[in-house]
Amino acid sequence: MIAESADGVTLAALRFAPDSPPQKSDLPLFQLTFRWLDDYFDGKVTENIPPIAAAPSEFQNKIRQALLRIPAGEVVTYGELGRRVGCASAQAVGNAVAANPLLILIPCHRVVRRDGIGNYSAGTTLKRALLLQEKALLPSLFSEA
């Protein structure tokens with residue numbers, strides 16, 4: 001994974017980069033981030049994520065906050081997430097979820113279509129793997145090809 005910060009204090013992006021060499025940094029923010037990820041993948045999910053940069057819009061911030069309230073092992077639909085933030089447009093919600101630059105930390109992988117797993121910027125194979133990691137084993141999500 002690659003972590004990015006514009007100010008050294010808040011995390012701006014966290015993305016998968018399978019072909020890149022491991023990152024090394026003395027920056028405490030990155031050390032904290034990768035410790036959090038180690039805990040996550042060891043099954044010790046913590047809600048205390050590293051400090052993150054502000055979202056570019058108020059709507060995206062609302063979506064981020066709603067995503068952070070979805071517990072590990074649970075999923076919600078785009079429509080349900082929209083209801084939680086007062087937005088009737090599942091497409092607008094989907095666009096805001098897709099714009100999330102902080103994969104795993106802000107758990108956009110926990111949002112699914114009402115009829116299946118839905119998309120994920122890092123690919124549906126990885127989305128399924130993250131949901132399996134969190135034990136969100138809904139048969140309807142895993143029966144899609």
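Conventions used here
Residues numbered from 1 in each chain as written. Predicted model: local features only at pLDDT ≥ 70, side-chain atom pairs only at ≥ 80, totals over all residues. Heavy atoms only, no water. Helix = DSSP H or I, 4+ residues; strand = E, 2+ residues; numbered from the N terminus. Buried < 20%, exposed > 50% of the residue type's maximum accessible area, 1.4 Å probe, protein only. Arc of directions from axis to C-beta. Salt bridge = Lys/Arg side-chain N within 4 Å of Asp/Glu carboxyl O. Contact = heavy atoms within 4.5 Å. Phe/Tyr/Trp six-rings, centres within 6.5 Å; stacked < 30°, edge-to-face > 60°.

### Some points on unusual backbone geometry
And then number 1: The phi torsion at Ile 104 lies on the positive side, around 75°, for a residue other than glycine.
And then number 2: Examined against the element boundaries, Ile 104 turns out to sit in the loop between helix H4 (90–98) and strand S4 (111–112).
And then number 3: The class of Ile 104 is buried, set by a relative accessible area of 1%.

### Focus on the environment of Gly 116
And then number 1: Of note, Gly 116 is situated in the loop between S4 and helix H5 (124–133).
And then number 2: When the C-alpha positions of Gly 116 and Thr 77 are compared, they lie 9.3 Å apart, and in sequence the two are 39 residues distant.

### Some words on H5
And then number 1: All of the buried residues along H5 are Lys 127, Arg 128, Leu 130 and Leu 131. The arc enclosing the buried residues of H5, seen along the axis, measures out at 160°, which places them on a common side.
And then number 2: One or two residues past the end of H5 sits Lys 135, with phi positive at roughly 65°.

### Digging into the pattern of salt bridges
And then number 1: Scanning all chains against the criterion turns up five salt bridges.
And then number 2: We note a salt bridge from Glu 4 to Arg 15, for which the minimum N-O separation is 2.7 Å. One end of the pair, Glu 4, is in strand S1 (residues 2–4); the other, Arg 15, is in strand S2 (residues 13–15), with eleven residues separating them in the sequence.
And then number 3: On the basis of relative accessible area, Glu 4 is assigned to the partly exposed category, the value being 30%.
And then number 4: Overall, the relative accessible area of 37% leaves Arg 15 in the partly exposed class.

### Re the side chain of His 109
And then number 1: In this structure, His 109 sits in the loop between H4 and S4.
And then number 2: Apart from the residues lying within four places of it in its own chain, the contact partners of His 109 are Tyr 40, Ile 104, Tyr 120, Lys 127, Leu 130, Leu 131 and Glu 134.

### Thoughts on the packing of aromatic side chains
Centre distance and the angle of the planes are the two values used to describe a pair of aromatic rings.
And then number 1: Enumeration according to the criterion identifies two aromatic pairs in this entry.
And then number 2: Relative to Phe 41, the ring of Tyr 40 lies with its centre 4.9 Å away and its plane at 85°, an arrangement referred to as edge-to-face.
And then number 3: Connected via pairs of aromatic rings, a cluster forms that spans Trp 36, Tyr 40 and Phe 41.

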